[in-house]
Amino acid sequence: MNPKQIACVVLMIFIGIIAYCGQMVHKKVTAMKADANAAAEAATAAEIALQTVEIQTTKTKAETEELRRFLAAWTPFADKIQTEQEIENAFDFSLRDRSIALVHSTKSELKANRSDKFIPKVVLTTLVVEDEYAKVLNWFGDIEKRLPLARVTSCNITGGSTVRQVRLEVSIETPIIDVGADLSSATDKAKKKKT
């Protein structure tokens, strides 16, 4: 082969390599543009999802405002009473403060509630107290101040051994509340039962 033909073949090979490289670069650029478009679309979708979640969060905050204020107001009372002994002490201190000496019987019973994580235990206290009418009713009001989360399950007021005295038979349930309980599993179970 003469030098012109060799130069022509070399030039053709060189042009082929340049064309091949150009085609490869073009494919990579096209792929990168497609990735960039996909990333832009994903970013737009994520931004829309973020806006939706922010709207839902704002809506949930507005809907639960009253409930959160209620919880914030009652959390100190729930945190104050966490054991059966603290409940018994509240009754004992209240009886001493109100100078009620004639207590016929006191019974305290702890009930576990495994299905409710928010109120895992309830203490049922049954008392039979006899004293002057004003002392007994003031003591009953003092119990409400000391244990505001308690509820009266039964109450029977009858005459006492003298005309000025009354006999109070009362059963009071006091919940031991776990404010930090994870209620998400209970909520999920409730949703599953509804469907």
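Residues numbered from 1 in each chain as written. Predicted model: local features only at pLDDT ≥ 70, side-chain atom pairs only at ≥ 80, totals over all residues. Heavy atoms only, no water.

1. Here we look at the side chain of D131
- Within the secondary structure, D131 sits in strand 2 (residues 121-132).
- For the buried D131, no salt bridge exists, and the shortest N-O distance to an oppositely charged side chain is 4.1 Å, to K135.
- Sequence-distant contacts of D131, that is, excluding residues within four places in its chain, are made with S99, I100, A101, V136, R164, Q165 and V166. (Helix = DSSP H or I, 4+ residues; strand = E, 2+ residues; numbered from the N terminus. Buried < 20%, exposed > 50% of the residue type's maximum accessible area, 1.4 Å probe, protein only. Lys, Arg positive; Asp, Glu negative; His and termini not counted. Salt bridge = Lys/Arg side-chain N within 4 Å of Asp/Glu carboxyl O. Contact = heavy atoms within 4.5 Å.)

2. So, the packing of aromatic side chains
- Counted according to the given criterion, the structure contains two aromatic pairs.
- The interplanar angle of 45° and the centroid separation of 6.1 Å between the aromatic rings of F70 and W74 together place this pair among those described as tilted. Of the two residues, F70 and W74 both sit in helix 2 (residues 65-80), four residues apart, roughly one turn of that helix.
- The exposure class assigned to W74 is partly exposed, which follows from its relative accessible area of 30%.
- Where W139 meets F140, the ring centres are 6.3 Å apart and the plane angle is 20°; that geometry is what we call stacked. (Phe/Tyr/Trp six-rings, centres within 6.5 Å; stacked < 30°, edge-to-face > 60°.)

3. Side note on a nonpolar patch on the surface
- There is a patch of nonpolar side chains on the surface, built from M1, I6, V9, V10, I13 and I17 and spanning about 590 Å² of accessible area.
- A residue is classified by how much of its surface remains accessible, and M1, at 68% relative accessible area, is exposed. (Patch = residues over 30% accessible without salt bridge, like charges linked within 9 Å, V, L, I, M, F, W, Y side chains within 5 Å. Areas by Shrake-Rupley, 256 points an atom, 1.4 Å probe, with all protein chains shown as cover.)

4. Focus on the side chain of T174
- The residue T174 is located in strand 4 (residues 165-176) in this model.
- For T174, a relative accessible area of 2% translates into the label buried.
- The contacts of T174, once residues within four sequence positions are left out, are I87, K121, V122, V123, L147 and A150.

5. Considering the pairing of strand 2
- The buried fraction of strand 2 amounts to nine of the 12 residues, a majority that puts the element mostly inside the structure.
- In the sheet, strand 1 (residues 103-112) pairs with strand 2 via nine bridges, with the strands oriented antiparallel. Paired with K111 across the strands is V122, a residue of strand 2.
- Across 12 bridges, the pairing between strand 2 and strand 4 is antiparallel. The partner of E130 across the bridge, within strand 4, is R167. (Pairing = 2+ DSSP bridges.)

6. Some details on the pattern of salt bridges
- For the structure on display, the rule yields nine salt bridges.
- Residues R98 and D142 are paired through a salt bridge, measuring 3.6 Å at the closest nitrogen-oxygen approach. Of this pair, R98 sits in the loop between helix 3 (84-97) and strand 1 while D142 is found in helix 4 (residues 133-146), placing the two residues 44 residues apart along the sequence.
- Here D142 and R146 are joined by a salt bridge, their closest N and O atoms 2.8 Å apart. Of this pair, D142 and R146 both sit in helix 4, four residues apart, which is roughly one turn of the helix.
- In this structure D142 comes out as buried when scored by relative accessible area, which is 8%.
- Ionic contacts of the salt-bridge type, sharing partners, join the residues D97, R98, D142 and R146 into one network.

7. Regarding empty space enclosed by the protein
- For the coordinates displayed, the defined rule picks out one cavity of 30 Å³ or more.
- Taken as a whole, the largest cavity spans an internal volume of roughly 70 Å³.
- Together, F77, A78, K80, I81, R146, L147, P148, L149, T174, P175, I176 and I177 line the largest cavity.
- Elements represented by at least two residues in the lining of the largest cavity include exactly helix 2 and strand 4.
- The class makeup of the residues in the lining of the largest cavity is nine nonpolar, one polar and two charged. (1 Å grid on protein atoms, 1.4 Å probe; cavity = no way out; pocket = protein on both sides within 12 Å on 5 of 7 lines; lining within 4 Å. Points joined across faces, edges and corners; volume = space filled by probe spheres on them. Nonpolar A, V, L, I, M, F, W, Y, C, P; charged D, E, K, R; others polar.)

Keep in mind these numbers describe shape, not what the thing actually does.
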